[in-house]
Amino acid sequence: MMKPIEELYQKLRDENIRITQQRRAIIEALAGNHLTLQDLHLAMKLKGFRNLGTIYNNLDFLMDQKIITEVYIKGKKHYDLVMGKESHHTADQHIHLSCSVNNRIVEIDDKDLFDLIKNHEIFKGFNINKMQIVVEGECPNYDPKSCKITSACHVAHLT
Ligand SMILES: [Zn+2]
Ligand SMILES: [Zn+2]
């Protein structure tokens, strides 16, 4: 089975989208991470790409191609990579859960949950084009100290 990131590169090749070094670096920086522009800029600097203008242009391009999307956690924009065909997380449909202590963000890639919402009576006959849900809150056995430790936060174990 192909890894999601390899699937993504295949999709780009199939659509004749040029995978430049910088586009590849952006995709790699976002694999498994939801980053603010500031975080992404920092990650890109470490990879040798310093020009924020060209990073921004490539981000725009990848968003137009629906390879990257945006998710707002506590009003802050985070860039988010759209994963492979098997995923229910697309540019226009995603559910995220965020722990309010450390703002860790995880994707809820659960078909049943998406179906439950889409098939709900309220949306009967409604053609859903976009569904972006962010659930913020405290972990079970809420303990701010343990949530600061990556492995102790409940949200970290959902991925
Ligand atoms: Zn996401
Ligand atoms: Zn937590």
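All of these numbers come straight from a predicted model, not from anything done at the bench.

### Quick word on the nonpolar core
If you look at soluble globular proteins, the nonpolar side chains tend to sit buried side by side. Ala29, Leu30 and Ile68 are the most contacted members of the largest nonpolar core, which has 15 residues in total. With three residues, helix H2 (residues 21–30) is the single largest residue contributor to this core. Sequence-distant contacts of Leu30, defined by excluding residues within four places in its chain, comprise Leu35, Ile68, Tyr79, Asp80 and Leu81.

### Description of the packing of H2 against helix H4 (residues 52–64)
If you want to describe how two helices pack, look at the angle between their axes and the distance between the axes. Where H2 contacts H4, the axes come no closer than 10 Å and their chain directions differ by 75°. Relative to H4, H2 is oriented roughly perpendicular. Residue-level contacts link Gln22, Arg23 and Ile26 of H2 to Thr54, Asn58, Leu59 and Leu62 of H4. Within the contact of H2 with H4, the residues separate by chemical class into three nonpolar, three polar and one charged.

### Section: the domain arrangement of the chain
Parsing the chain into structural domains produces domain 1 (1–85) and domain 2 (88–159). The distance between the C-alpha centroids of domain 1 and domain 2 comes to 21 Å. The partner domain 2 presents ten residues to the ten residues of domain 1 that form the contact. With four residues, the top contributor of residues to the side of domain 1 that touches domain 2 is strand E1 (residues 68–73). Residues of the side of domain 1 that touches domain 2, tallied by class, amount to five nonpolar, three polar and two charged.

### A few points about the pairing of strand E3 (residues 93–99)
Burial within E3 is extensive, with five of its seven residues counted as buried. In this sheet, strand E5 (residues 131–137) lies alongside E3 in parallel orientation, the contact comprising seven bridges. Opposite Ile95, over in E5, you have Ile133 as the bridge partner. In this structure, E3 lies alongside strand E4 (residues 105–107), joined through three bridges in antiparallel fashion. Counted as the bridge partner of Leu97 is Val106 from E4. Counted between consecutive antiparallel strands, the loop separating E3 from E4 contains five residues, among which Asn103 sits at a positive phi close to 60°.

### Considerations on the environment of Ile117
The topology assignment puts Ile117 in helix H5 (residues 111–118). Judged by the 15 C-beta atoms lying within 10 Å of it, Ile117 is partly exposed. A sequence separation of 14 residues divides Ile117 from Met131, and the C-alpha atoms of the two residues are 9.4 Å apart.

Definitions and limits used
- Residues numbered from 1 in each chain as written.
- Chains lettered and ligands numbered in written order.
- Predicted model: local features only at pLDDT ≥ 70, side-chain atom pairs only at ≥ 80, totals over all residues.
- Core = buried A, V, L, I, M, F, W, Y, C linked by C-beta atoms within 7 Å.
- Buried ≥ 20, exposed ≤ 12 C-beta atoms within 10 Å, placed from the backbone.
- Helix = DSSP H or I, 4+ residues; strand = E, 2+ residues; numbered from the N terminus.
- Contact = placed C-beta atoms within 7 Å.
- Axes fitted to C-alpha atoms, helices over the stretch in contact; angles between N-to-C directions.
- Parallel < 35°, antiparallel > 145°, perpendicular 65-115°, else oblique.
- Nonpolar A, V, L, I, M, F, W, Y, C, P; charged D, E, K, R; others polar.
- Domains from an automatic or database assignment.
- Pairing = 2+ DSSP bridges.

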